[in-house]
Amino acid sequence: MNMDLKAYLAERRGLVNRALEAYLPAVRGPAFRVVQAMHYSLFAGGKRLRPILCLAAAEAVGGDPSEVLPVACALEMIHTYSLIHDDLPAMDDDDLRRGQPTCHKKFDEATAILAGDGLLTAAFQIMADAASRFEGRERDLLAVIRLIAAAAGYPGMVGGQMLDLQAEGRKVTLKELETIHRMKTGALLTASVRSGAVMAGGTRAEVTALTSYGEKFGLAFQVTDDLLDVEGEAGEMGKATGMDAQRQKATYPGVLGRQEAKEWAQRLVETAVADLQDFGPVAEPLREVARYLLVRRS
Ligand code: GRG
């Protein structure tokens, strides 16, 4: 199938954005400032990759993508919280994200911490509230909430962020680097694919294949993210480049060299696509999104 990936991504982004707006309208209330900060970062121009992967995985197992929107939106809220906290002075201390002031620059540090906390907790509330939508499927929903909690928490993203901070300024092995990135970035991306497949009623074999795809996708995403920090255009990326080297961060181009890192990303994408061999044309969006990693500019 020859699909128009750009049009597909734009349509899916629209679907996700409308659902997010419904879950988090910027309406005035007692704690308006924190809602305003949550809304600001949630709508600051993200690619919506994690929700799109969740919807595409649902589609790949023959489900209705719009059914999994609550889970997809929760994933984006968790991702946004992680970026807000990652940008704080205590972590990466970044002024710009997606070409706009970071949350603590636009508001203040305390508000940014609370906005991250608010998004993280709202994500779990949205998923718990979705129980009425999945009557008779509550066990699946609970399994998805559990797997997303593990991916976002200390066994996943939070733990990976800790390891990443501890690795700053010292030489790491390829094995260590892979552990950091499997946890920091890969876990939530894998959970996005897996949760879409589980919520849409995928078989055990389908969920296993899609999880394997998600793991390779997650690593390929990180390798290309590291390469973009070396080779990307700051204007297109909406943030300063060359920051990994400045902060003495552990990166794939740093450990493998640029050329080998590129070849590795390519191999990861090929094997991710190979995981989808038993799926028909319904999995084409997942194949195309994986290939897009190799040509993305932001
Ligand atoms: C603070 C608990 C905590 C975790 C932070 C995700 C993360 C962990 C840090 C972000 C630092 C970073 C740049 C990681 C590389 C991978 C990554 C998550 C890039 C940004 O994701 P995109 O490209 O972002 O999907 P958009 O802007 O499209 O939403």
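Each value, and the rule that gives it
- For every chain, the first residue of the written sequence is number 1, and numbering continues from 1 onward in sequence order.
- Where local features are concerned, this predicted model is filtered to residues with pLDDT of at least 70; where side-chain atom pairs are given and counted, the filter is 80 or more; whole-chain, interface and lining totals use all residues.
- Derived side-chain values reflect all non-hydrogen atoms in the structure, with water molecules and hydrogen atoms excluded from consideration.
- We call Phe, Tyr and Trp rings a pair once their centres come within 6.5 Å, taking the six-membered ring for Trp, and we label the pair stacked below 30 degrees between planes, edge-to-face above 60, and tilted otherwise.
- By the criteria applied, helices consist of DSSP H or I runs no shorter than four residues and strands consist of E runs no shorter than two, each listed in order from the N terminus.
- Only protein chains enter the accessibility calculation, which uses a 1.4 Å probe; a residue is then buried when its area is under 20% of its type maximum, exposed when over 50%, and partly exposed in between.
- The axes are straight lines fitted to the C-alpha atoms, using for helices just the contacting stretch, and the angles between their N-to-C directions are given from 0 to 180°.
- By definition in this entry, angles of less than 35 degrees are roughly parallel, angles greater than 145 are roughly antiparallel, angles of 65 to 115 are roughly perpendicular, and the rest are oblique.
- Contacts are assigned to residue pairs that have any heavy atoms within 4.5 Å of one another.
- The nonpolar class holds Ala, Val, Leu, Ile, Met, Phe, Trp, Tyr, Cys and Pro. Asp, Glu, Lys and Arg form the charged class, and all remaining residues, Gly among them, are polar.
- Using only the protein atoms, space was sampled on a 1 Å grid; points where a 1.4 Å probe fits but cannot get out form cavities, open sets with protein on both sides within 12 Å along at least five of seven lines form pockets, and lining residues are those with an atom within 4 Å of a point.
- Grid points are joined across faces, edges and corners, and a volume is the space filled by probe spheres set on the points.
- One heavy atom within 4 Å of a molecule or strand makes the whole residue count as near it.
- Pairing of N or O atoms within 3.5 Å defines a polar contact, subject to two protein rules: one partner must be a possible hydrogen donor and the other a possible acceptor, and residues neighboring in sequence count only if both atoms are side-chain atoms.
- Every accessible area reported is derived by Shrake-Rupley at a probe size of 1.4 Å, with residue values counting cover from the shown protein chains alone.
- Any molecule with more than half of its atoms within 2 Å of a cavity's or pocket's grid points is regarded as sitting in that cavity or pocket.

**Q** Would you explain the packing of aromatic side chains in this entry?
**A** The description of an aromatic ring pair uses the distance of the two centres, along with the angle that the planes make with each other. Applying the stated criterion to the full structure yields three aromatic pairs. Taking 5.7 Å as the distance between ring centres and 70 degrees as the angle between the ring planes, the aromatic pair formed by Tyr40 and Phe107 counts as edge-to-face. One end of the pair, Tyr40, is in helix α2 (residues 32-42); the other, Phe107, is in the loop between α5 (103-106) and α6 (109-129), with 67 residues separating them in the sequence. Classification of Phe107 by relative accessible area gives buried; the value is 14%. Residues Tyr252 and Trp264 carry aromatic rings whose centres are separated by 5.5 Å and whose planes lie at 40 degrees to one another, so their mutual orientation is tilted.

**Q** Explain the packing of α2 against α6 to me, please; I cannot follow it from the model alone.
**A** For any two helices packed against each other, one specifies the crossing angle of their axes together with the interaxial distance. The geometry of α2 relative to α6 is characterised by a closest axis approach of 8 Å and an angle of 75 degrees between their N-to-C directions. One element, α2, and the other, α6, form an angle in the roughly perpendicular class. Residues Arg33, Val34, Ala37, Met38 and Leu42 of α2 touch α6, and the partners they reach there are Thr111, Leu114, Ala115, Gly118 and Leu119. A per-class count over the contact of α2 with α6 returns seven nonpolar, two polar and one charged.

**Q** Looking at this structure, I do not really get the side chain of Asp92. What am I missing?
**A** Positionally, Asp92 belongs in the loop between α4 (69-87) and β1 (96-97). Not counting residues up to four positions away in its chain, the partners in contact with Asp92 are Asp86, Asp87, Glu168, Arg247 and Lys249.

**Q** Any chance you could explain empty space enclosed by the protein here in plain terms?
**A** Using a probe with the size of a water molecule, rolled over the atoms, empty space left in the structure can be pinpointed. In the structure shown here, the tally under the stated rule is two cavities of 30 Å³ or more. For the largest cavity, the calculated volume is near 90 Å³. As for the largest cavity, its lining consists of 13 residues, of which Ser41, Asp87, Arg97, Arg98 and Cys103 are closest to the centre. Elements with a contribution of two residues or more to the lining of the largest cavity: α2, α4 and β2 (100-101). Sorting elements by how many residues they give to the lining of the largest cavity places α4 first, with four residues. Considered class by class, the residues forming the lining of the largest cavity number six nonpolar, four polar and three charged. Size it by volume and the second largest cavity reaches roughly 40 Å³. Along its surface, the second largest cavity is lined by Leu9, Arg13, Lys47, Leu49, Ile52, Val289 and Tyr292.

**Q** Just checking my understanding: could you explain the site of the ligand for this structure?
**A** In the region of the ligand, 18 residues are neighbours, and Lys47, Arg50, His79, Asp86 and Arg98 sit closest. The contact in question runs from an oxygen atom of the ligand to an N or O atom on the side chain of Arg98, over 2.7 Å. Contact with the protein chains hides 92% of the accessible area of the ligand, taken as 700 Å² for the molecule alone. In this structure the site holding the ligand corresponds to the largest pocket. Looking at the shell around the ligand, the elements that each hand over two or more residues are α4, α8 (157-167), α9 (174-199) and α10 (204-231). Of the residues forming the shell around the ligand, the biggest block, six residues, is contributed by α4. Residue classes in the shell around the ligand are distributed as five nonpolar, seven polar and six charged.

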